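# Structure at a glance
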Amino acid sequence: MATEAHRQYCKRQHRILAQYLSAEAWRRGLDCIVLVRSELESFLGLKRFKSIRIEWLLEDVKPWFSYQQQYKKSHAPASISSLFLSRVPLKPHLPPGTMAVEARLKGISRESLRAGLLKAGRLEEATMVSLMVQRATGLAAPPPVEVEAVRLRRRMRAVAA
């Protein structure tokens, strides 16, 4: 049984992650941001996930990302493989079946849902908070959006037109 102090620690950690992810999604022009297990392990400092921790995470990020879809490596509740967090409904846009995260992202129509994989490397709580404070106070600007992603979106719009 988790103590109230541990639950509050986890809630704070999850909210920091949600705030950082929402800023990243906004900066990159995404409706949905995708985390793979390694990113979650890095930020949360975990190698093994218990199902209650995943439940808490989903509950705590809900104010920022109302729509969530998790994919698992097996049928075990704690075997999270990837997590899709979105501000718009996900179900009608996600391809069904078992597949790798990259394949699932490629199967989403860019006109229906703008989704992207977070590739942040090793992120720690203090680093995220520092980045958010610097950006919020105007001491730092967010890094530019990847040029290749912008070119890809332009090409897709040109083909659709």
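Refer to the preceding data block for the structure.
An account of the accompanying structure is given in this report. Keep in mind the model is a prediction, meaning the values are calculated, not measured.

Of regular secondary structure, the protein chain possesses 6 helices and 4 strands. Order of helices (α) and strands (β) in the protein chain, N terminus to C terminus: α-β-α-α-β-β-α-β-α-α. By residue count, 38% of the 161 residues in the protein chain fall in the buried class. Long-range contacts, defined as pairs at least 24 residues apart, comprise 62% of the intrachain contacts of the protein chain with a sequence gap of at least 6.

Let's shift gears to the packing of aromatic side chains. On inspection of all chains with the given rule, the structure shows 1 aromatic pair. Plain terms: the ring middles of Tyr71 and Phe84 are 5.4 Å apart, the flat faces sit at 75° to each other, and that makes the pair edge-to-face. Note that Tyr71 is positioned in strand E2 (residues 67–72) and Phe84 in strand E3 (residues 80–86), a separation of 13 residues in sequence. You'll find Tyr71 and Phe84 in the same group, each marked buried. Above the ring of Tyr71, the side-chain terminus of Arg104 is found at 3.8 Å from the ring centroid.

To summarise the sheet geometry, strands pair through backbone hydrogen bonds and adopt either a parallel or an antiparallel arrangement. The strand order E2-E3-E1-E4 describes an open sheet built from 4 strands, whose pairing is mixed. At either margin of the open sheet sits one strand with a lone partner, and together these are E2 and strand E4 (115–117). Recorded for the sheet is a direction-independent mean angle of 20° between the axes of neighbouring strands. Across 6 bridges, E2 lies against E3 in antiparallel orientation. Its bridge partner being in E3, Gln68 is matched across the sheet by Leu85. Running at roughly 125° to strand E1 (residues 32–36), helix H1 (residues 4–28) makes contact with E1, E3 and E4 of the sheet.

One finds Leu17, Leu21, Leu35, Leu40, Leu83 and Leu85 to be the most contacted residues of the largest nonpolar core, which totals 22 residues. Counting residues per element, the ones that place at least two in this core are H1, E1, helix H2 (37–44), helix H3 (51–61), E3 and helix H5 (125–136). For this core, the element with the highest residue contribution is H1, accounting for 5 residues. Other than its neighbours up to four places away in sequence, Leu85 contacts Leu21, Asp31, Cys32, Ile33, Leu35, Val61, Phe65, Tyr67 and Gln68.

The rules we used
Residues numbered from 1 in each chain as written. Predicted model: local features only at pLDDT ≥ 70, side-chain atom pairs only at ≥ 80, totals over all residues. Heavy atoms only, no water. Helix = DSSP H or I, 4+ residues; strand = E, 2+ residues; numbered from the N terminus. Buried < 20%, exposed > 50% of the residue type's maximum accessible area, 1.4 Å probe, protein only. Contact = heavy atoms within 4.5 Å. Phe/Tyr/Trp six-rings, centres within 6.5 Å; stacked < 30°, edge-to-face > 60°. Lys NZ or Arg CZ within 6 Å of the ring centre and 35° of its normal. Pairing = 2+ DSSP bridges. Axes fitted to C-alpha atoms, helices over the stretch in contact; angles between N-to-C directions. Core = buried A, V, L, I, M, F, W, Y, C linked by side-chain atoms within 4.5 Å.

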